[in-house]
Amino acid sequence: SKCVYTYKEHRDPMLKKRDDFEDILEERRNSSDLKYALRCYTPVLYKGVTPCTSSMLKSMVLQSDQLHYVINQVSKETGKATDDIKEEASAILEEMAQCLQLSTVRFFAFTLSKAFKTLFRSICVNEDGIQRLQQAIQEHPVVLLPSHRSYMDFLLMSYILYTYDVALPVIAAGMDFMGMKFVGEMLRMSGAFFIRRSFGGDKLYWALFSEYVKTMLKNGFAPVEFFLEGTRSRTSKSLTPKLGLLNIVMDPFLKGEVFDVNVVPVSISYERVLEETLYARELLGIPKPKESTSGLFKARKILSEDYGSIHVYFGQPVSVRSLAQGKVNRCQFNLVPRHIPRRPSEDIASFVNDSAYRLVRAQEENMVLKPWVLVASLLLQYHHQNQAAGQKRGIALGELTAQAVWLRDLSRQYGAFLHWPGTVVTQVFTIILLALLEQGLYFFELLSQAVILLSCASYRNQALHVFVRPALLALAIHTASSNQKQEVFNSFSFLRNMFSNEFILCPGATVQDFEEACYLLVKTGALQFTQQEVLVTERGHRTLAFLSTMLDPFLQGYQVVCRFLCEEATETLTEKQFIPAVRKFIKKLLLAGFYLLLFLRFSFVCVCVFFFTSAFYKMHNCVLCVCVCVCVCVLSR
Amino acid sequence: MASNSSSDRQRIAQQRLRIIAGHLRAPVDSDSTILAAECKAQGSKTDVSSERKTVPRRRQEILKWNGWGYSDTRFLFNKKGQAEFTGKRYRLSGMIIPALQNWFEGTFGASVQHKSPAMPILTSSAVQPPTLNEAFVDELKSTGIPCSHDAEDRVFRGHGHCLHEVFALREGKVGRVPDIVVWPNCHNDVVKIVELACKHNVCLIPYGGGTSVSSALECPPEETRCIVSLDTSQMNRILWIDEKNLTAHVEAGIVGQELERLLNESGYCTGHEPDSMEFSSLGGWVATRASGMKKNIYGNIEDLVVHVKMVTPQGVIEKGCQCPRMSTGPDIHHFIMGSEGTLGVVTEVTMKIRPMPEYQKYGSVVFPNFEQGVACLREVAKQRCAPASIRLMDNEQFKFGHALKPQVSSIFTSFLDGLKKFYITKFKGFDPDRLCVATLLFEGDREKVLQHEKQVYDIAAKFGGLAAGEDNGQRGYMLTFVIAYLRDLGMDYYVIGESFETSVPWDRVLDICRNVKARIIQECKDKGVQFSPLSTCRVTQTYDAGACVYFYFAFNYRGLSDPVHVYEQVEHAAREEILANGGSLSHHHGVGKLRKEWMRETISDVGMGMLKSVKNYVDPKNIFGNRNLI
């Protein structure tokens with residue numbers, strides 16, 4: 001059978017070599033910020049750079065063949081005069097374009113230094129990664145892909161690059177920021193360009209936007225930075241990638257307009273995200289406050305809190321050329337002029353999609369995990385069990401410590417990038433626990449308890465990528481009707497498909513994922529393989545139990561939505577009505593005393609809702625029923 | 001009146017001869033005509049009608065057996081380490097080239113101390129004894145057509161000038177070579193040979209000038225039949241000239257320089273000047289769809305050919321008239337042109353001829369960068385005012401050309417050069433590491449040439465181009481003729497290289513140049529080449545819809561265990577890159593066996609089927625079994 005265990009030694013995640021970190025705030029604490037902000041800044045540029053200004057870029061875009069073509073097309077379709085459309089285009093571009101200015105950057109360098117020093121204990125950066133980045137920038141146009149957990153991300157990126165004398169990026173930002181008086185313009189002058197959240201049908205907008213990004217990239221004006229996940233992840237779990245911008249930045253390579261494009265995944269791990277409680281509230285249905293300058297001022301109280309440290313890991317630059325090697329036939333662009341916009345062919349669409357997943361995985365791999373994350377995972381599992389048993393007691397500190405050490409070793413073997421502060425384990429936990437208690441882990445009031453638990457869950461989520469494949473296997477073994485390898489694989493494959501929008505699971509890589517999971521579980525002595533069967537070892541039970549419990553909240557989330565769809569949903573539910581309706585449904589369940597712990601999984605419900613909304617319209621009802629059955633059957637064991 | 005005008009014409013012809021000889025020959029001094037004659041015809045003094053042997057049957061008497069060109073002409077680094085070009089045949093011959101050593105060592109990280117000399121002579125033990133088809137040989141001998149199975153003769157016809165072929169020869173390695181060489185003297189001889197070959201089932205491989213760079217002359221190793229190399233070099237007469245229609249009927253074995261020289265004597269020219277014209281033959285041009293440097297005025301081979309006669313196993317194929325154009329179904333000439341010796345032997349060709357141009361002028365333009373240069377060429381093509389030749393060299397090639405400047409005789413010239421350099425780099429602000437140069441060749445009436453020249457320079461000025469003198473232009477064209485000799489020099493010092501070409505639409509020119517050059521550099525790095533290679537290109541032809549681009553690529557192979565294999569991998573990658581960037585498989589070198597693997601994607605399955613069905617009909621027994629093309 002195809003699912004034989006062949007995961008090779010050399011892919012052992014434990015052997016992954018990672019760079020050392022350097023704290024950039026340390027120097028800031030010891031020397032003048034003003035001097036730092038005014039220092040000489042001479043970054044290395046792309047060797048093929050055509051020097052140009054922001055305004056030249058705009059005119060290049062407006063004069064491009066692509067735009068001419070689209071303008072003529074739009075003019076034909078709408079009957080508007082081309083001149084009018086040109087003016088419209090020019091206005092859109094004006095609204096979109098960045099105007100990177102060093103003086104603004106210097107201003108930010110100064111103020112951010114002050115702010116960062118108050119907020120964070122350290123900002124740790126891998127300097128080797130910076131050096132690789134510098135090299136990459138010189139060789140080819142570069143795309144920076146940071147993970148997105150906080151508004152801070154792009155300010156932080158530019159701040160770090162400025163500190164290391166690396167070329168400052170231009171950043172794709174949501175239009176929301178532009179609404180902020182003054183701040184929007186400041187961001188624009190520090191390299192942000194603004195895009196509308198949705199412009200699906202607007203040909204002109206799409207042409208302008210893609211041409212603008214491509215022009216900056218091709219000319220080596222600056223590295224282009226955007227967030228693959230499209231939006232901030234509210235749950236600390238990587239979101240499935242959005243492909244629009246990735247398509248755009250890969251296009252110049254595919255069409256031969258540049259020799260190669262280097263894509264650099266950047267993993268930013270926060271010990272504590274600034275928006276922590278905000279996210280939890282948002283997940284509970286309290287709308288996100290609109291971005292505004294006054295809001296920013298009101299939020300200044302966060303300055304008084306401690307947000308720990310940040311780890312920023314610049315990953316290995318990935319050459320798009322080598323990614324595309326053997327996957328894309330570039331000759332397909334030979335028969336039609338390249339400036340005529342065309343829907344990407346099937347092989348390109350799947351190539352971009354695959355690459356996107358690989359890149360998000362590359363981000364995940366280098367996310368630094370704190371002890372906190374592991375402890376949160378353990379605490380949540382205990383909490384659930386206690387709740388289910390109707391108890392309201394905590395866990396003994398000694399036991400928790402022992403558990404955490406066990407989990408630490410396990411996650412190391414699974415290749416987690418742990419940042420474990422020496423041997424003072426107990427001390428660390430004590431601090432954490434105290435913090436938890438202070439914030440009211442055992443409050444009885446529904447809303448605040450939920451907020452705390454959701455925050456906890458979001459810590460747990462940071463470690464999900466380490467465990468997700470083995471966890472799926474553990475669950476598969478649990479649910480499979482027999483120990484036959486093929487059975488287990490089938491069940492794994494079903495679960496994996498079901499969760500394909502929940503976790504970062506590269507499409508079409510079921511066999512690889514299965515092999516990876518088998519390899520890890522065999523390596524840690526939890527599983528044994530015979531010719532035909534999969535056997536759980538004596539000491540493997542604990543690992544498997546932990547792993548499958550990790551996925552429980554997700555399963556339950558899906559289950560509730562399925563129940564809702566079966567029991568309550570009417571055919572005419574729109575997407576807007578859907579989420580509040582599910583919320584109401586869950587509230588009803590909770591009040592009826594059903595599964596009290598379900599409340600915790602609220603977040604996941606929200607996340608998976610989008611998946612199910614589309615599923616609701618597209619999928620056949622019986623498929624949904626299968627989902628439900630499996631969820632229920634898993635839970636009933 | 002009549003006699004007057006004819007003597008006038010002769011005088012003008014003499015004068016034109018001197019001019020046209022320019023880029024091929026030794027310095028124009030008092031006895032330039034004599035030198036010119038020496039260059040093209042080994043000093044024989046006969047006229048058009050008499051039989052002439054530009055290329056003797058024993059080619060090795062005047063040509064290198066394991067390198068390019070004439071035995072007496074080569075580059076070498078003398079005891080002082082200065083480069084020298086030996087012989088008397090070229091303008092550069094006998095001169096010292098002071099800058100070459102520095103350029104060579106700097107570009108390749110090579111050293112004139114580290115030699116990698118070739119095997120001086122061929123050991124006949126390296127050559128497999130011939131597989132002879134006795135019955136065929138007996139009947140062939142009874143026809144009286146000269147033939148030989150001498151090892152040297154056979155080895156000489158078993159290769160073209162691909163890098164791997166020459167490299168193997170330099171190491172004294174010989175693979176499968178033809179078993180017999182025959183020298184037909186006329187069309188009828190060929191008919192007899194082909195008949196005999198069919199009768200006795202032997203394999204025929206036509207051989208013209210031997211300048212192939214597509215492995216087209218390599219004998220297929222799997223061929224078990226007796227392989228006969230059919231050398232057309234003795235079929236080299238102009239059979240008639242038709243001055244009313246301006247056509248000439250020529251035997252296909254004639255080599256380019258001989259054809260031009262003979263026609264020049266009557267005041268005509270074909271204007272077809274491929275870079276290999278000293279050695280390549282008319283039949284070879286037809287069989288590979290050759291292109292000439294001056295195609296802008298005279299056209300490529302397909303524009304020049306009026307009538308072709310080809311001997312195939314099914315008989316002789318030719319049109320029944322000499323008409324300028326016909327609407328009679330697909331043009332059968334297009335089955336012949338580009339057939340690469342797989343269907344038959346081209347024996348006679350009627351070609352268009354033109355009166356010799358009255359005036360010829362070189363020129364050059366310096367551009368601040370390659371992009372501007374390409375934009376200018378595109379504009380020239382758009383306005384359809386391209387001179388006889390216009391070529392754009394990139395920065396690396398400009399420097400290369402510069403390194404080939406012969407020693408200057410006077411302080412004044414070197415002062416002028418310095419001044420020129422100062423003007424361009426300092427006053428005009430051109431970056432010496434980015435600027436590039438276009439070389440130009442104008443031909444025609446004096447007045448028109450001057451007018452044309454002005455038009456082109458005006459366009460160039462719009463793209464920031466500065467006229468940079470005739471000398472630069474002329475040296476640019478000289479590079480074409482000596483480049484193959486330079487490769488031999490490189491191979492003496494651990495440097496191997498090759499050139500290859502493509503054609504590409506205008507909007508792709510810049511992209512393909514950049515990407516292919518970068519790909520070569522990257523592949524070399526990946527394959528363990530220690531020193532960054534020379535990777536350079538030039539745009540050599542302009543068309544309405546695109547251009548022809550030529551790449552040079554060479555590297556220092558010290559430290560590599562199998563340099564030829566590395567070379568082949570890099571060239572393969574470069575060709576893939578060309579195709580991925582919308583370039584063609586070949587513009588004029590042909591497919592041969594080297595590029596066969598890409599034919600299907602180039603011409604589609606149906607296209608392949610069409611070619612194969614033609615082959616199956618014309619040559620069902622695969623008598624013309626060189627296995628090129630399909």
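Thresholds, definitions, all that
- Here, residues in each chain are numbered from 1, in the same order as that chain's written sequence.
- For naming, the first written chain is A and the first written ligand is 1, with later ones following in the order written.
- Predicted model: local features are reported for residues with pLDDT of at least 70 only, side-chain atom pairs are reported and counted for 80 or more only, and whole-chain, interface and lining totals are derived from all residues.
- Note that the side-chain values use all heavy atoms of the structure and ignore hydrogens as well as water.
- UniProt positions are given in the numbering used here, feature names are shortened, and annotations may be inferred rather than shown by experiment.
- Only strands that DSSP links by at least two bridges are regarded as paired with each other.
- Secondary structure counts use DSSP, requiring at least four H or I residues in a row for a helix and at least two E residues in a row for a strand, with both numbered from the N terminus.
- Contacts are assigned to residue pairs that have any heavy atoms within 4.5 Å of one another.
- Whenever a helix is involved, its axis is fitted only over the stretch in contact; in every case the axis is a line through C-alpha atoms, and angles between N-to-C directions fall within 0 to 180 degrees.
- Counted as salt bridges are all cases of a side-chain nitrogen of Lys or Arg within 4 Å of a carboxyl oxygen of Asp or Glu.
- Using a 1.4 Å probe on the protein chains alone, a residue whose accessible area is under 20% of its type maximum counts as buried, one over 50% counts as exposed, and one in between counts as partly exposed.

With an unreviewed UniProt entry as reference, chain B is termed Alkylglycerone-phosphate synthase, source organism Sander lucioperca. Per its UniProt entry, chain B bears the Subunit (unreviewed entry) comment "Homodimer." For chain B, the Sequence similarities (unreviewed entry) comment in UniProt is given as "Belongs to the FAD-binding oxidoreductase/transferase type 4 family."

As recorded in an unreviewed UniProt entry, chain A goes by the name Glyceronephosphate O-acyltransferase, listed as coming from Sander lucioperca. Taken verbatim from the UniProt record of chain A, the Sequence similarities (unreviewed entry) comment is "Belongs to the GPAT/DAPAT family." UniProt lists a comment for chain A under the heading Subcellular location (unreviewed entry), and it reads "Membrane".

Chemist: How should I be thinking about the sheet that holds strand S19 (residues 495-505) of chain B in this particular structure?
Modeler: Hydrogen bonding along the main chain pairs the strands of a sheet, whether they run parallel or antiparallel. Residue and element names in this part refer to chain B. Spatially, 7 strands are ordered S18-S15-S17-S16-S20-S21-S19 in an open sheet, and the strand pairing comes out antiparallel. Of all the strands in the sheet, just strand S18 (466-467) and S19 have a single pairing partner and so form its edges. In terms of strand pairing, strand S15 (residues 359-367) meets S18 through 2 bridges, oriented antiparallel. Paired with valine 366 across the bridge in S18 is leucine 466. Set on the sheet, helix H14 (residues 395-403) makes contact with strand S16 (389-393), strand S17 (436-444), strand S20 (534-542) and strand S21 (546-556); between it and S20 the angle comes to about 95 degrees.

Chemist: What should I look at first to understand the UniProt feature "transmembrane region" (unreviewed entry) in chain A in this one?
Modeler: What UniProt calls "transmembrane region" (unreviewed entry) maps, in this numbering, to residues 154-179 and 589-612 of chain A. End C-alpha to end C-alpha, residues 154-179 of chain A measures 17 Å, and it is 38% helix and 19% strand.

Chemist: Even after reading the chapter, I still don't get the pattern of salt bridges, so can you show me in this structure?
Modeler: Two side chains that carry opposite charge are able to pair once their charged atoms sit near each other. All names here are of chain B. Applying the stated criterion across every chain, the model contains 68 salt bridges over all chains. The shortest N-O distance in the salt bridge between aspartate 72 and arginine 89 comes to 3.0 Å. Separated by 17 residues along the polypeptide, aspartate 72 in the loop between helix H2 (32-41) and strand S1 (75-77) and arginine 89 in the loop between strand S2 (83-85) and strand S3 (96-97) bring together distant segments of the chain. We classify arginine 89 as buried; its relative accessible area is 13%. Aspartate 331 is paired through a salt bridge with lysine 319; the nearest N and O atoms lie 2.9 Å apart. Within this pair, whereas aspartate 331 is found in the loop between strand S12 (315-317) and helix H12 (333-336), its partner lysine 319 is found in the loop between S12 and H12, the two being separated by 12 residues in sequence. The class for lysine 319 is buried, based on a relative accessible area of 14%.

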